[in-house]
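Close look at the chain arrangement
Residues per chain are reported as follows:
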Amino acid sequence: MSSSTIFNSRTKSIGSWWSRSPRYDYEFTYDSSVVSEKHKATAITLFVVGTAMQPNNYSDLASNCATGQSMVFVAVDNNPNSMVKTSASQTAAAFNDIIANITARLGDIIASNPAIFVGGHSAGGCSAIAAMKVNGGELGFTPAGCLNADPLGKGRETVPNLRIDVPSFSIGFTIETCSVPPTQAGLAAYNITNTTDDNRVMMQVVNKFYPGKQITHCIFTNGGCTAACPAHAAGAWVRPLIGRFYFLFVNSIVKGDKTSKEEYEGAVEGEYKSVVNVFFGAETATV
């Protein structure tokens, strides 16, 4: 997505190999037609990149999620110069450091006490879930909500073995791609979410196998992860739709706007209605 109102900071680096402080890269994005020094953002999203990815690989998703929102979207690489993004402690350290320094770094565009959303893609997404206190993690705050872009864990920290005790928006698929089983990723993130209201929603993409047009686990990135898991242009519609869902989700928490399954289904347009399933509230997500 391109828009003259979308501001992207480009990648910034914190810490160094020899530093004891957290070491991470980040890139922030916001809609300058909504967020400014006069009208500061009331929310921030901290989103960890997936395996082998960098913050700038998510600029399209960040733009779509930030559009129209009083929010700053921050893509975070919790382990720069390494393919591995699985560490919950590294994610917690990066997130805690960003929030601790939010006034110094982003005080001109973010309110002093914003609603904080966390999440991520693939291994980074699972690390964000595992970083929460409910899972024994070291996150120093309770998030307002969680954005789960097909998170995937390994070992004891697999998504089905974790808990989410805050409202969540999860995205997943019906067919395994990039060696990611749907039941271990986005679908699991939705099902492990325990909320006391209807603030749990899943956008499930029916990613039937189409040679050259397959919608994959890496559709969240601008161009995919590798030749084996590309983000085909045919699936580019997924990222703007995530943005529309996220707009509803964030406002349901920050503004208290009550949402319904029908409202999320209404965000899906035309031909895509047949390839997107919505699970909501007390419903259990299935493949």
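Considerations on the pattern of salt bridges
All chains considered together, the criterion is met by 5 salt bridges. Linking lysine 85 and aspartate 77 is a salt bridge whose minimum nitrogen-to-oxygen distance equals 2.7 Å. A relative accessible area of 1% means that lysine 85 is categorised as buried. Since its relative accessible area comes to 2%, aspartate 77 is described here as buried. Between glutamate 283 and lysine 261 there is a salt bridge whose closest N-O contact spans 2.9 Å. Of the two residues, glutamate 283 sits in the segment after β10 (276-280) while lysine 261 sits in helix α7 (residues 261-266), which places them 22 residues apart along the sequence.

Section: the packing of helix α1 (residues 59-66) against helix α6 (residues 238-254)
Between α1 and α6, the least distance of the axes is 7 Å, while the angle of their chain directions is 35°. The chirality of how α1 crosses α6 is right-handed. Where α1 approaches α6, its residues Asp60, Leu61, Asn64 and Cys65 are matched on the opposing element by Arg239, Pro240, Ile242, Gly243 and Tyr246. Per-class residue counts for the contact of α1 with α6 are 5 nonpolar, 2 polar and 2 charged.

Digging into the environment of isoleucine 175
Here isoleucine 175 shows up in the loop between β8 (168-173) and α5 (186-191). Along the chain, isoleucine 175 and valine 206 lie 31 residues apart, while their C-alpha atoms are 7.4 Å from each other. Among residues more than four places away in sequence, those in contact with isoleucine 175 are Pro182, Asn207, Lys208 and Phe209.

Digging into the layout of surface pockets
By volume, the largest pocket is sized at about 310 Å³. Gly50, Thr51, Ser122, Ala123 and Leu152 are the residues nearest the centre of the largest pocket, which is lined by 20 residues in total. For the lining of the largest pocket, the per-class residue count stands at 10 nonpolar, 8 polar and 2 charged. Of the pockets and cavities examined, the second largest pocket occupies roughly 200 Å³. Every residue lining the second largest pocket is counted, 13 residues in all, and those nearest its centre are Tyr210, Ile215, Ala234, Trp237 and Val275.

Remarks on the nonpolar core
Nonpolar side chains in soluble globular proteins tend to be buried together. Formed by 42 residues in total, the largest nonpolar core has its most connected members in Phe169, Met203, Phe220, Ile242, Phe245 and Tyr246. Ranked by the residues each element gives to this core, the list is headed by α6, at 8 residues. Those residues in contact with methionine 203 that sit more than four places away from it in its chain are Phe169, Ser170, Ile171, Gly172, Val238, Leu241, Ile242, Phe245, Val276 and Asn277. Counting 40 residues, the second-largest nonpolar core is a separate cluster that includes Phe28, Val35, Phe95 and Ile98.

Comments concerning empty space enclosed by the protein
The full count for this structure, using the stated rule, is 1 cavity of 30 Å³ or more. Roughly 40 Å³ of volume is contained in the largest cavity. Together, Tyr26, Val74, Ile98, Arg105 and Leu106 line the largest cavity. Its residues assigned to classes, the lining of the largest cavity comprises 4 nonpolar, no polar and 1 charged.

About the thresholds
- Residues numbered from 1 in each chain as written.
- Predicted model: local features only at pLDDT ≥ 70, side-chain atom pairs only at ≥ 80, totals over all residues.
- Heavy atoms only, no water.
- Salt bridge = Lys/Arg side-chain N within 4 Å of Asp/Glu carboxyl O.
- Buried < 20%, exposed > 50% of the residue type's maximum accessible area, 1.4 Å probe, protein only.
- Helix = DSSP H or I, 4+ residues; strand = E, 2+ residues; numbered from the N terminus.
- Axes fitted to C-alpha atoms, helices over the stretch in contact; angles between N-to-C directions.
- Left-handed = near helix turned anticlockwise from the far one by under 90°.
- Contact = heavy atoms within 4.5 Å.
- Nonpolar A, V, L, I, M, F, W, Y, C, P; charged D, E, K, R; others polar.
- 1 Å grid on protein atoms, 1.4 Å probe; cavity = no way out; pocket = protein on both sides within 12 Å on 5 of 7 lines; lining within 4 Å.
- Points joined across faces, edges and corners; volume = space filled by probe spheres on them.
- Core = buried A, V, L, I, M, F, W, Y, C linked by side-chain atoms within 4.5 Å.

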